[in-house]
Amino acid sequence: MSRRSGWLLGLTLAPLTQGCLTMLLPENDPATDPLPTCDNTPLMLAPGQAVEGQDPEALFARYLGSWSGTLTWMAGGETTFELGASRGAQPAYAGLSCNVPTSVYTSPEMTVVTGDGAFDQTGLGHLSVGLDGGPRAGGEDDQSPLTPCGLPQRDWTSALPARLPVDSARYTAPLLSIELEYPPHAVAPVSAMVTFSGEHEAVPDSHDFLVVATVAFE
Amino acid sequence: MPDSGALSEPRCCPVTLGHGDCFEVYLVAPQIGPEARRPGVDQGTQASWARLFALALVPGSILATGCLFSPDDSSEEAECLDATTELPHDGTFELEGTGQRIELGPIVAGVEGRTSGVLEWSQVGRSTDVTLTIEADAGERVTVFGDCDTYRGIDIPAHLELTSADGVLADRFGGHVSLDEAGRVIGSPVLDVPIVVSQLQSVLPAGFGTTPDTDWHLRITPELGPEEELPFVAATIVLTTGWTGSDPVQSVTLGVATFGGTR
C-alpha cells in the first residue's frame, strides 16, 4: 500500500472511528467561512413584562409546588423526603438564541427536608421554561426544568456526612447535588438522584462522583 | 446574574463533577509524518527503560478504530510503499530503500520490566507495597509501522500485572504497548478491568454502598516519567462505573501508587 492509498484509506475509515475524526478534517478558515455572530446575552425582564406574548410567571407556575417522597440512601436506610419550590423574589430573564427569545428562567426558592435530619436546607434553584411551555433544560436529554442549587459543605447539616459513602473530610470542596427527573411533558418530578462530587485531596484534579441516594416521589 | 456568551442561560448551580466524564482510551496516532523520521534508527539504542517506549495498554477494540491511520503529506515520495507489517518478537524490519535493518528483539525486551513502590489507599489512609510488571505477550506478533525508508513505531501486545502486598490487588491487564520511532509512549496508558467491589471492601469506606446491578471497573492510570519514559513513576487507582443507560458514571479515587525504582 502506498502512502497515498494509506491516506485515502484513513479518510475512508474516518467516519467509522472514534476520537480520530478531528485530525483528518481541515480547520475552518474564518476568512473564507465566517460563522454568523449571535447575541445570546440574557435579557432581564421587568415585572409583568411579557416575552413573545407569553407571561413568564404563568410559565413558571406550572413547575412550582411541593412534592413528597421516599429517599433511599445508598449506604442503607430510608427516610421521608420533602421538596418545595416557590417563585421567590428573584428576577426573571429571557433566554435568547441568536437574538430570538426561546425561554424564560429564574431562581426559585427551594427547600429540601428529610425525616432523618440529613437535609434541612433552604436555598435557590434554577427554573427554565421554553416559550412553548415545555422544559428548557440544559441538554438534549435533560428533561429537568427545575434544579436545586448544589450544596457546598458549609451548608450541610451535621447529620449529613454520616450518610455519605465516602469521608468528605478527604475531599476538597465537596458538593452535594440533587437532580430531579421528569418524564417527557411532565410538570412534576417522579424521582431524584442525590450525588456527591469532589476532588480527592490525594489526587489533584480528580473528579470523584458518586450517587448518594435516590428519591421516589409519591 | 445576566451573562453573555454562547450559553444563553447562566446556571446558579455549580457544575457537578464527573457527570459525563469520558474515560475512553484514545490511542493517539503515531507521528509518522516526515517530521518524525529519524533515518538510521539503530535497534540497539532503543533497549533501555529510559529511552524506549511507552506503554499504551488499550482494549483490543480500540486498535480497530483506525486511529493508527493518519494523513501524511507524502506526495513527494508516492513511490515509497507502506511496509507496515506483523512480525515475530525476534523479527527484523528492513527498510528496503536504505538497507537498514531494525532488530525487534531488543525493542520488545525493553518493554518488559518490573517496578515496585508504595500504594496509599486514599479512602482509608493505609499503605502497602505494590509491584507493577510489564511482560510482552509472546503468543502475539508485533506490528511494525514504516515504509521503504522510515521506521515509524511499533505496537507490542503485552500484559501488565499490578499486585499489592496486602492482597487487594492482583490484576493482570491485557493490551498493547505502542511506541513511536524514538521509543516514546504513544497514547494515554489507561488500564481498565471489571472488578467485584467486595474484593475492595478493606480499602473502601464503611458506608460505601452499591446497587447490586452496578458494573464496577478498576481503572488504573499510570504516569510516565518526565520524558514519557518507562518505568512508570506513579499510578492512580479509581473505582468507576461504565455507562449504563441514563445512570451517571460514578467514580471514586481509591489510591495512589508511587514507584521508586526497578529491580
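What about the overall build of chain A?
(1) Moving on: Counting its regular elements, chain A contains 3 helices and 12 strands.
(2) Moving on: Looking at chain A as a whole, 45% of its 218 residues are labelled buried.
(3) Moving on: Contacts in chain A between residues at least 24 apart in sequence constitute 55% of all its contacts with a sequence separation of at least 6.
(4) Moving on: By element, 54% of the accessible surface of chain A is carried by carbon and sulfur atoms, the whole surface being about 10,600 Å².

Looking at the confidence of the model for chain A
(1) Moving on: For chain A, the mean per-residue pLDDT works out to 83, and 80% of the residues sit at or above 70.
(2) Moving on: Counting interchain partners and residues more than four positions distant, the pLDDT-below-50 stretch residues 1-28 of chain A has 45 contacts.

Some points on the environment of E227 of chain B
(1) Moving on: In this fold, E227 of chain B is placed in the loop between strand 10 (216-223) and strand 11 (234-241).
(2) Moving on: Residue E227 of chain B is classed as exposed on the basis of its relative accessible area, which comes to 53%.

A closer look at a negative patch on the surface
(1) Moving on: A contiguous patch of negative charge, built from E181 of chain A together with D213, D215 and D247 of chain B, is present on the exposed surface.
(2) Moving on: By the secondary structure assignment, E181 of chain A is in strand 10 (residues 171-181).

Structural notes on the pairing of strand 5 (residues 126-136) of chain B
All names here are of chain B.
(1) Moving on: Across 9 bridges, the pairing between strand 4 (residues 113-121) and strand 5 is antiparallel. For R114, the partnering residue across the bridge sits in strand 5 and is T133.
(2) Moving on: In textbook terms, the turn of a hairpin is the stretch between consecutive antiparallel strands, and for strand 4 and strand 5 this stretch comprises 4 residues, one of which, G125, has a positive phi near 70°.
(3) Moving on: Taken together, the 7 bridges between strand 5 and strand 7 (residues 151-164) define a ladder with antiparallel strand orientation. By the bridge assignment, T131 is partnered in strand 7 with T163.

Cut-offs and rules
Residues numbered from 1 in each chain as written. Chains lettered and ligands numbered in written order. Predicted model: local features only at pLDDT ≥ 70, side-chain atom pairs only at ≥ 80, totals over all residues. Heavy atoms only, no water. Helix = DSSP H or I, 4+ residues; strand = E, 2+ residues; numbered from the N terminus. Buried < 20%, exposed > 50% of the residue type's maximum accessible area, 1.4 Å probe, protein only. Contact = heavy atoms within 4.5 Å. Areas by Shrake-Rupley, 256 points an atom, 1.4 Å probe, with all protein chains shown as cover. pLDDT = per-residue confidence, 0-100. Patch = residues over 30% accessible without salt bridge, like charges linked within 9 Å, V, L, I, M, F, W, Y side chains within 5 Å. Salt bridge = Lys/Arg side-chain N within 4 Å of Asp/Glu carboxyl O. Lys, Arg positive; Asp, Glu negative; His and termini not counted. Charge placed at Lys NZ, Arg CZ, Asp CG, Glu CD. Pairing = 2+ DSSP bridges.

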